[in-house]
Each structure stands twice: as structure tokens, then as C-alpha cells.
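# Coordinate inspection notes
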Amino acid sequence: MTKSVKKTGSEKNTAQTPGSNSMWGGRFASGPAAIMAEINASIGFDKRLYAQDIAGSKAHAAMLAEQGIISKTDAAAIGKGLDAVRKDIAGGTFSFSAALEDIHMNVESRLKDLIGEPAGRLHTARSRNDQVATDMRLYIRDVVDALDTAISDLMRALAGKAETHAATVMPGFTHLQVAQPITFGHHCLAYVEMLSRDRGRLRDARARLNESPLGAAALAGTPYPIDRKRTAKALGFSGPMRNSLDAVSARDYVLEVLAACSICAITLSRMAEEIVLWTTAQFRFVKLTDKFTTGSSIMPQKRNPDAAELVRAKPGRILGAFMALAVVMKGLPLAYSKDMQEDKEPAFDAFDALALALAAMAGMVRDMEPNTEAMRAAAMTGYSTATDLADWLVRSLQMPFREAHHVTGRIVALAESKGVRLDELSLADLQSVEKRISIDAFKVLTVEASVASRTSLGGTAPRNVKKAAVEWLKQLKDR
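The shown structure was predicted, so the numbers you read here are calculated from the model rather than taken from an experiment. Here the residue numbering is sequential within each chain, running from 1 through the sequence in written order. Totals for whole chains, interfaces and linings use every residue, but because this is a predicted model, local features are given only for residues with pLDDT of at least 70 and side-chain atom pairs only at 80 or more, for both listing and counting. Values reported for side chains reflect all heavy atoms of the structure, with hydrogen atoms and water molecules removed beforehand.

Turning our attention to the pattern of salt bridges. We define a salt bridge as a contact between a side-chain nitrogen of Lys or Arg and a carboxyl oxygen of Asp or Glu at a distance within 4 Å. Counting across every chain of the model gives 31 salt bridges. With a closest N to O distance of 3.0 Å, Arg-421 and Asp-423 form a salt bridge. Partly exposed residues are those whose accessible area sits between 20% and 50% of the maximum for their type, while under 20% is buried and over 50% is exposed, using a 1.4 Å probe and protein chains only. Residue classification places Asp-423 among the partly exposed residues on the basis of a relative accessible area of 27%. Sharing partners across several salt bridges, the network here consists of Glu-101, Asp-102, Arg-128 and Lys-338.

This is how it looks when you write it as C-alpha cells:
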């Protein structure tokens, strides 16, 4: 993911002096008030778009030359100058000016310093409206690609854990109450499936946003004989957007990616919540090393799962970014309004937060080690094999399931009154409820037998889990 450029000591934050900003031409005789300059400037955050802005400008200049709108000599000078500007920004030596408002004018102003008059020809047949729309689509496309890689890495970590622990028994929960035995590998693969859908949503959004607004100009197109298909292809877009008004007005692609990011963050938050629970003294299901835990300033015994807790909190920021932009956009008339400048800061923050959360979760998954004894002991509580007994009654005694459910419930009540597990009851105890029960019923009452029996597609049987984990690892290889 493209990272924001660090601030330098030479960054200027003062309001421009009267007439100092040439971008307005002759319409304005003086510069804005200091507070106007402050609220209007976006360079403090949109400078992270520099690589995309320069890429778009290079493609535009090359197209202008090919169409005979500017000379090839000027286009070559522009391209060389833009490369120099990009090198300066990447190297941290560029002096940003708040008086120039945004990344577009900062780049163009510096380009003029470097190459002179040809720089003034770069903005022919385009506007900052289609320029920023192009930059944002390019940037978010890069973001989605980086998030796709990060999600794949987390999926690999989970699938690897699942392969190793395909037969490690743990309790499955409903209502956070012990329900049925499952395996730790099966639990890990549930998140792999969830993350695959998160990944799919982002990929779908990428396909929809991958159209080029460049050449739409301010809102109505341009009289110049430009080739929008040429610039779209040069920038890796599937093609140009078909309506110039839509091209500069749309921010639904930002909302869609933020929505997908929000759902992914919720997936991570649920996983993080389980890690927080599992590391408690009450659960003791997994242990995290010093790499992903912190201590207490007053209690020397504490090992806090702070990384998981912070991942658990990230959806607040990410969903908040979606809501913030939704509120900005909900009442805007077409085409461009300055309100749309507010699309960037929350989106940038959300993308950064999700990238960090994905990396932290992948690290925790690889770091955590399950406490197999504690997991198995917990799986044996809560009469978790009761359903297995009901299924045995159905299979062995041809009992209708509803009747088997009732009989098993009475057996559970008996075990509860005696303070024992189901497998600790005697055969006489079982036959006191249903006289046809034989000694074979005890074979299904162990947690290992329970998980081994769940061989249906998608079930928790260790052989199922092992096979699914291997398939996922093969699918995710080199992605």
C-alpha cells in the first residue's frame, strides 16, 4: 500500500499572499483569508496520492502529444520533469506548500520550476475534478491489491494452523455455551472461509472501480480531440467511464471499498474477541508469547492480549469512515462540490487501520499455541456429546429423532443430578431411562468419537479438516 509521505521541515502552512497563486488566473485580485486557506488546503493529507497523480499526468501528457494537442518535445520535458518531482517526494526532499492547496498544484508548480513553460501545457483538456477522481481510483486500486495480499497471508496462517491441529479437540459453542465438540483446525478454517468472502468483496469492488475518469475534465468533457481509451489503457483501467458528469461526481467506489473493509474488520474483530477470551485464565485455550502481549504497570503477573484488543476495536474507526463519507455524499447535487474533499482523510485512516489489523492478526495466529489439554477438558463439559447419544438412538434403535431428543434430555438430567459426565454414567443408569440401550452407546460418548463421526461435507471430522486445510494452502500458494 502506498504510504503517506513524511512531513519535512520545509513544508509551508501559511496563507498565500495576494495574487501569489497563479492557478486562479485573472479572476481573483487577491488571495484568500488565512482561515479560508486553512480549511481549503488538502495537501496535508492528499500528498499521499503523489505517485498516482504523477502517473496520471504522465499518461495524460503522452496522450496529448500523440493526439497532436501538445508537441512531443513538450511531452518529453513534462515526463522527465514529473519523474524528477516523484523522486524528490519519495526521497522526502520535496517542499510542500499549503498555499498551493493540494497535491495536483504542488506537483504542477514544482514542474514549472524545473521545466518552465511546457509545464503550463500539462493541464490542457483536463480539470482537477477528473484529476483527483483518477488519482483516488488509482490509489484505492493499489490499496485493494495490498489488502488482498494481506488477507491471503492471514488465510495462509490460519490454514497452516488448521493443518497442524486438524484433530485437536476443542468445544464448539452456541450462545457461548458448550454445544458440541469440534476441532481447533475446524475453527480456524471457519475464519478462512469468512476471509475468503471478505477478499471476494474487495475484488468485486476493484472490478467496478477500475474505470478511468480522466478526460471528463470539469464535468462536461472537452473540445480537444483527446483519446480517453489510450489514457485508460496506459493506467491499467478496463476502459474510460462513459459519462463525464458521473466520472467527476461518483464516490460510490470509495463507499463500496469502505463497506467491504468494514465487513472484513468485523471478521477480524470477532477473531480477536475469541483470542482475548481464549487467553484468559478462565479459558486457557491458547497462549501468546511476549511478541503479541504486554504487561501491567502495577500488576507484575499480567500478560495482556493488547494486540487482539486493538484489532477488536478497529471496526469502530473503519465503519466510522464509511458513515462519514455516506453522510457527506447523501445530499450532494451533481457534479463536483468541495465537500467531496472530505472523502480522503477517513478513507486513508480506514485503509491504514485495516492493513495494520490484518498484519497483527496474521502475526498472532502464527504466534499462538493451543493448550490441547485445556481445550479437550472444556470440550468434555456441558454434556457436549448428548447429540451423539441422540443420533445413536436414531441409528441403532430406529427411534424418531424427536423421541431420541427427549430420551437423551432425561439422561442428561440424570447425569446432572449425579454430578457426572454422560460417559461416567453406568449402563444401568442409561437403561433406567431407555431399556434398549446397549454397551455400544458408550462408543459415541467420547469427544474424539464425536468429532470423528462428523464426516458430512463441511463437518469437523479431522480427515475433513486436514483435506480442507491442504486444499486452501494449495489454493493460496504464491498469492
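Glancing now at helix H15 (residues 401-418). In DSSP terms, a helix is any run of H or I states spanning at least four residues, a strand is any run of E spanning at least two, and both are numbered starting from the N terminus. A helix is expected to span 1.5 Å for every residue after the first. With 18 residues, H15 ought to run about 26 Å at 1.5 Å a step, and its terminal C-alpha atoms sit 25 Å apart, in line with that. Three or more residues of H15 are buried, namely Ala-404, Val-407, Thr-408, Ile-411, Val-412 and Ala-415. An end-on view of H15 places all buried positions within 145 degrees of arc, on one side of the element. What points out from H15, more than 90 degrees from its buried face, is the exposed set Arg-402, His-406, Glu-416 and Ser-417. The criterion used for residue contact is that any of the two residues' heavy atoms lie within 4.5 Å. On its buried side, H15 packs onto helix H14 (386-397) and helix H16 (427-433). Downstream of H15 by one or two residues, Gly-419 has phi in the positive range, about 70 degrees. The arc under discussion is defined with respect to the helix axis, by the directions toward the C-beta atoms.

Time to look at unusual backbone geometry. Residue Leu-334 is joined to Ala-335 through a cis peptide bond whose omega torsion reads 10 degrees. Along the polypeptide, Ala-335 turns up in the loop between helix H11 (306-329) and helix H12 (344-367). Positioned with a positive phi, Glu-101 is a non-glycine residue whose angle comes to about 70 degrees. Mapping Glu-101 onto the fold places it in the loop between helix H4 (72-90) and helix H5 (103-115). At Tyr-383, a position not held by glycine, the phi torsion is positive, near 55 degrees. Locating Tyr-383 in the fold gives a position in the loop between helix H13 (372-379) and H14. Classification of Tyr-383 by relative accessible area gives partly exposed; the value is 23%.

What follows is about the nonpolar core. One recurring pattern in soluble globular proteins is that nonpolar side chains are buried together. Nine residue types can take part in a nonpolar core, namely buried Ala, Val, Leu, Ile, Met, Phe, Trp, Tyr and Cys, and a core is a set of them joined through side-chain atoms within 4.5 Å. One finds Ile-140, Leu-154, Leu-268 and Met-361 to be the most contacted residues of the largest nonpolar core, which totals 100 residues. Counting residues per element, this core draws most heavily on helix H10 (residues 252-278), which supplies 15 residues. Those residues within four positions of Leu-268 in sequence are excluded, and the remaining contacts are Leu-154, Leu-195, Val-311, Leu-354, Ala-357, Leu-358 and Met-361. Membership of the second largest hydrophobic core comes to 21 residues, among which are Ala-386, Trp-392, Leu-397 and Phe-442.

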